[in-house]
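Here is what each chain is made of, one letter per residue.
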Amino acid sequence: MSYRVNGFTGITLFSTCRKPQFRRYFSCCKQLEMEERANSDSELIIGDRDSLANKIASIRSAGPQKLQVIADFDATLTKFWVNGTRGQSSHGLVQQDNPEYDAKRQELYDYYHPLEFSPDIGLEEKTKLMEEWWGKVHALLIEGGFTKESIIQSVANGNIAFREGVFELFELLEEKGIPVLIFSAGLGDIIEEVLRQKLHRTFTNVRIVSNRMVFNDGGRLVSFKGKLIHSQNKNEHALDMATPVHIHLGDGDDPNEDNASIKKRTNVLLLGDHIGDLGMSDGLNYDTRISVGFLNHNIENSLSYYRGSFDVVLLNDAPMTEVVKLVSSMCSKEE
Ligand SMILES: [Mg+2]
């Protein structure tokens, strides 16, 4: 699982930049680089350091009131490896009362998952297949009598964990008044419960755009609401579909009001683990975007593509620590 890049050193990179406003971030990265060398398990890569430095300066100059974070959930906020095995996704950890339905969903996974990543299938056909897959899974959840209670149990039994530093990241962003949009093709209700169980507190600045369940009075799943979000359409209507997490806790906020103010935040920090996650900001007319890509596996084949696509690439299931440092630097008032 370990992978290192010969020739990349933050120390070399950062020492070439003389502009004082960048020193803090670079010095953070230098420290991180040294820590990672000691740890020897994760790595940070910056494809174009001048471009990144300019973007940081731009975002810092506009101020935190112009910044928002858009983050993928599975294998971005959560770890790729948990307890020595592949961590589960929000879909993957679901357990229905009737195990027969778990087996049926697994059969669908075995059939459709290879198609999802097949290079031989065009976008149009793949989109159709993914709609079909997600539709069938949702139908099985309804047919198999999935309940609100099952959400709590599924998450409690699930092999899922946040990256180290996610709590600190949310806390820092909340303190700075910066909203976080979690954009996922998974299950919003599950994600919400993972946040509850693993972070032990709610963050008023965190909202989820994902597939949302509708339960009847008996707590049984009866339908899904809103537009289906699957792996091939994470670039449409993001903000318009957003439902704040805390709406379900009964504070009655108006999501449309939130959406309008979100759209005025024209600087974006985007976090994802797939190239397709870059599309999460498509619904936004942004000025400056810094993208951070978590490359968790298949590194030899994907590294050059990731390095060319994301501003920053983090390898080997890295913690969120350097993203926290990046945000600190972007929000720093120091020149
Ligand atoms: Mg993901």
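Residues numbered from 1 in each chain as written. Predicted model: local features only at pLDDT ≥ 70, side-chain atom pairs only at ≥ 80, totals over all residues.

- The name given to the chain in an unreviewed UniProt entry is 5'-nucleotidase, and the organism recorded there is Acacia crassicarpa.
- The record in UniProt for the chain states the following under Sequence similarities (unreviewed entry): "Belongs to the pyrimidine 5'-nucleotidase family."
- What UniProt states about the chain under its Catalytic activity (unreviewed entry) heading is, verbatim, "a ribonucleoside 5'-phosphate + H2O = a ribonucleoside + phosphate". (UniProt positions renumbered as here; feature names shortened; annotations may be inferred.)

**Structural notes on the overall build of the chain**
Part 1: Counting secondary structure elements, the chain contains 11 helices and 11 strands.
Part 2: Split into buried and exposed, the 335 residues of the chain put 40% on the buried side.
Part 3: Sequence separation of at least 24 residues holds for 72% of the intrachain contacts in the chain that already meet a minimum separation of 6. (Helix = DSSP H or I, 4+ residues; strand = E, 2+ residues; numbered from the N terminus. Buried ≥ 20, exposed ≤ 12 C-beta atoms within 10 Å, placed from the backbone. Contact = placed C-beta atoms within 7 Å.)

**Some thoughts on unusual backbone geometry**
Part 1: Even without a glycine there, the phi angle at Ala 75 is positive, about 65 degrees.
Part 2: Along the chain, the position of Ala 75 falls in the loop between strand 2 (67-71) and strand 3 (81-82).
Part 3: Since 21 C-beta atoms lie within 10 Å of it, Ala 75 is described here as buried.
Part 4: The residue Asn 83 is not glycine, and still its phi comes out positive at about 55 degrees.

**Things to note about the nonpolar core**
Part 1: One finds Val 69 and Ile 182 to be the most contacted residues of the largest nonpolar core, which totals 57 residues.
Part 2: For this core, the domains that each give at least three residues are domain 1 (10-80 + 161-331) and domain 2 (82-157).
Part 3: Judged by nonpolar contacts, the second largest core, of nine residues, contains Val 137, Leu 140, Leu 141 and Met 213. (Core = buried A, V, L, I, M, F, W, Y, C linked by C-beta atoms within 7 Å. Domains from an automatic or database assignment.)

**With respect to helix 4 (residues 99-116)**
Part 1: Counted at 1.5 Å a residue, the expected span for helix 4 with its 18 residues is 26 Å, and the 25 Å between its end C-alpha atoms agrees.
Part 2: At Asp 110, helix 4 is bent by approximately 30 degrees, the largest bend along its length, and proline Pro 114 sits one to four residues beyond.
Part 3: For helix 4, the buried fraction is low: one of the 18 residues fall into the buried class. (Expected span 1.5 Å × (residues − 1). Bend = angle between axes of the 7 residues up to and from the residue.)

**Overview of the pairing of strand 10 (residues 288-295)**
Part 1: Most of strand 10 sits inside the fold, with six of its eight residues counted as buried.
Part 2: Note: strand 9 (residues 267-272) against strand 10, six bridges, orientation parallel. What sits directly across from Val 268, in strand 10, is Arg 289.
Part 3: Sheet topology note: the strand 10/strand 11 (residues 312-315) ladder contains four bridges and is parallel. Each bridged residue has a counterpart across the sheet, and for Val 292 the counterpart in strand 11 is Val 312.
Part 4: A crossover links strand 10 with its parallel partner strand 11, the connecting element being helix 10 (residues 299-309), and its sense is right-handed. (Pairing = 2+ DSSP bridges. Right-handed = clockwise from strand over helix to strand, strands pointing away.)

**Concerning the environment of Arg 105**
Part 1: Among the secondary structure elements, Arg 105 is positioned in helix 4.
Part 2: With 20 C-beta atoms packed within 10 Å, Arg 105 lands in the buried category.
Part 3: Excluding its chain neighbours within four sequence positions, the residues that come into contact with Arg 105 are Val 137 and Leu 140.

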